[in-house]
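# Observations on the three-dimensional arrangement
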Amino acid sequence: YMKKDKLKIEKKILRLSFLGSLLFIIAEGVMAWITHSHSLLTDCLFDAADLVMIGPFLVLVPLLYKPVTEKHPYGYSLFLLVKYSVLLALTCNLLVENIKLLVHGGHEVNAGKIAVFEFLVCIGCAVMYLILNHYSKKYESETIKAELYMWKLDVVSSLGVAVAFVVQVLLLHTKLHFLTPYIDPAVAAVMAILLIKEPVVVIFQSIKNLVLFAPEEEVLNQIRSIV
C-alpha cells in the first residue's frame, strides 16, 4: 500500500509540475516573441526541453518501482542520459548564438517589461515550488527531488534576470547607456553557462551507471559456480 501511495503522489506531483511548466513556457514564449529577448528565449527553450521529458516520465514512473533485475538494471540512468544530452546540446547552441550576438553589438529590448515579467515569473515559480514541496514531504524520491530542483532553479534564474534588466533600466539614464544593448545577450550567455554544469554532471554519472549493465547469462553462471 505504501508503494501504491508513493506512486500516486509522485504521479500527482509530476502532473502538477507538467501543467505549471506548460503555463510558464507559454507565457515566456509569448513574452520572448513580443520583446525579442534572447534571455527569455533561453529560459523558455530550456524549460520546454525539460517539459518534453516530463511527459514520458509520467509513463515510466510505474516502471521505476519494479525491482531491479539483471536484465533491466539501469532504465532510470538511460532516461536521464537521453534527457540531459538533449539539454546539453540545446544549452551549447544557445551559448554560441548569444556570444555571436555580443560580438556583433548586441540588441536593444524593453528592459522594464522584461523585469516586471520576470519578477512575476519568480513569484509564480516560488508558489509552485512550495506546493510541490508540500506534497513531497510524506514520500520523497529522486524524481521528485529533480522536479523540486528545477523549480528552485527557475526561482533563482528568474530573479537574477529581473535584477539584470532593472540594472539596464537604470543605465539608460547614465553615461553607461551604451552598455544596454549587451545586457540581454550577456544574461542569456551567463544563463547558458550556468545551466551547462548540471547536464554534464548527470550525463557522466548516467554513463558510469550504464557501463555496469549485467553481463551475459553464461558469464553470470560462471561467476555463480565459482562463488
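Heads up: the structure comes first, above all this text.
The structure contained in this document is the topic of the report that follows. The structure displayed is predicted, hence computed values, not measured ones.

### Focus: the side chain of Glu-118
The topology assignment puts Glu-118 in helix α4 (residues 111-135). This buried residue, Glu-118, is left without a salt bridge; Lys-113 holds the nearest opposite charge, at 14 Å.

### Describing the packing of aromatic side chains
The final tally for this structure, using the stated rule, is one aromatic pair. Consider the rings of Phe-24 and Trp-151, whose centres lie 5.7 Å apart with planes at 65°: the pair is edge-to-face. Within this pair, whereas Phe-24 is found in helix α1 (residues 2-35), its partner Trp-151 is found in helix α5 (residues 142-171), the two being separated by 127 residues in sequence. With relative accessibility at 18%, the residue Phe-24 sits in the buried group.

### Points about α4
Its 25 residues place the ends of α4 36 Å apart at the C-alpha level, agreeing with the 36 Å of an ideal helix rising 1.5 Å per residue. Residues of α4 that are buried: Ala-111, Ile-114, Ala-115, Phe-117, Glu-118, Val-121, Cys-122, Gly-124, Cys-125, Met-128 and Leu-132.

### So, the pattern of salt bridges
Pairs can form between side chains of opposite charge whenever their charged atoms are close. By the definition in use, this model includes one salt bridge. The residue Lys-100 makes a salt bridge to Glu-97 at a minimum N-O spacing of 3.9 Å. Placement of both Lys-100 and Glu-97 in helix α3 (residues 75-103) is noted, with a separation of three residues, approximately one turn of the helix. Residue classification places Lys-100 among the partly exposed positions, given a relative accessible area of 44%. What makes Glu-97 partly exposed here is its relative accessible area of 37%.

### Here's the deal with the side chain of Ser-158
With respect to the element layout, Ser-158 can be found in helix α5. Among the residues examined, Ser-158 registers a relative accessible area of 1% and is labelled buried. Excluding residues within four positions of it along the chain, Ser-158 makes contact with Asp-43, Glu-118, Val-121 and Cys-122.

### Describing the nonpolar core
A general tendency of soluble globular proteins is for nonpolar side chains to be buried together. Of all hydrophobic cores here, the largest spans 27 residues; its most connected members are Leu-40, Cys-125, Leu-132, Trp-151, Phe-165 and Val-187. Taken together, the elements giving at least two residues each to this core come down to α1, α4, α5 and α6 (180-210). Among the elements that line this core, the one with the most residues is α4, at nine residues. Counting residues in each nonpolar core, the second largest holds nine residues, with Phe-46, Leu-87, Met-150 and Val-202 among its members.

### Points about a nonpolar patch on the surface
A grouping of Val-116, Leu-120, Ile-123, Val-127, Ile-131 and Tyr-135 is seen on the molecular surface, where their side chains present a nonpolar patch of about 540 Å² in accessible area. Checked against the element boundaries, Val-127 lands in helix α4. A relative accessible area of 46% places Val-127 in the partly exposed class.

Scoring rules and cut-offs
- Throughout, a residue's number is its position along its own chain's written sequence, starting from 1.
- Confidence filtering applies because this is a predicted model: local features only for residues at pLDDT of at least 70, side-chain atom pairs given and counted only at 80 or more, and all residues used for totals across whole chains, interfaces and linings.
- The basis for the side-chain values is all heavy atoms of the structure; hydrogens and waters are excluded.
- A helix here means a DSSP run of H or I that spans at least four residues, while a strand means a run of E at least two residues long, and both kinds are numbered starting from the N terminus.
- Burial classes: relative accessible area under 20% of the type maximum marks a residue as buried, over 50% as exposed, and values in between as partly exposed (1.4 Å probe, protein chains only).
- For the purpose of counting charges, residues Lys and Arg are taken to be positive, whereas Asp and Glu are taken to be negative. His and the chain ends are not included.
- By definition here, a salt bridge exists when the distance from a side-chain nitrogen of Lys or Arg to a carboxyl oxygen of Asp or Glu is within 4 Å.
- Paired rings are identified among Phe, Tyr and Trp, the last through its six-membered ring, by centres lying within 6.5 Å, and are further divided according to the angle between planes into stacked (under 30 degrees), edge-to-face (over 60) and tilted (the rest).
- Multiplying 1.5 Å by the helix residue count minus one yields the expected span of that helix.
- Any two residues having at least one pair of non-hydrogen atoms within 4.5 Å are treated as being in contact.
- For the purposes of this section, nonpolar cores are sets of buried Ala, Val, Leu, Ile, Met, Phe, Trp, Tyr and Cys residues that join through side-chain atoms within 4.5 Å.
- Residues with no salt bridge and a relative accessible area higher than 30% make up the patches, which join like charges within 9 Å and nonpolar side chains (Val, Leu, Ile, Met, Phe, Trp, Tyr) within 5 Å.
- The protein chains shown are the only cover counted for residues, whose accessible areas, like all others here, come from Shrake-Rupley with a 1.4 Å probe.

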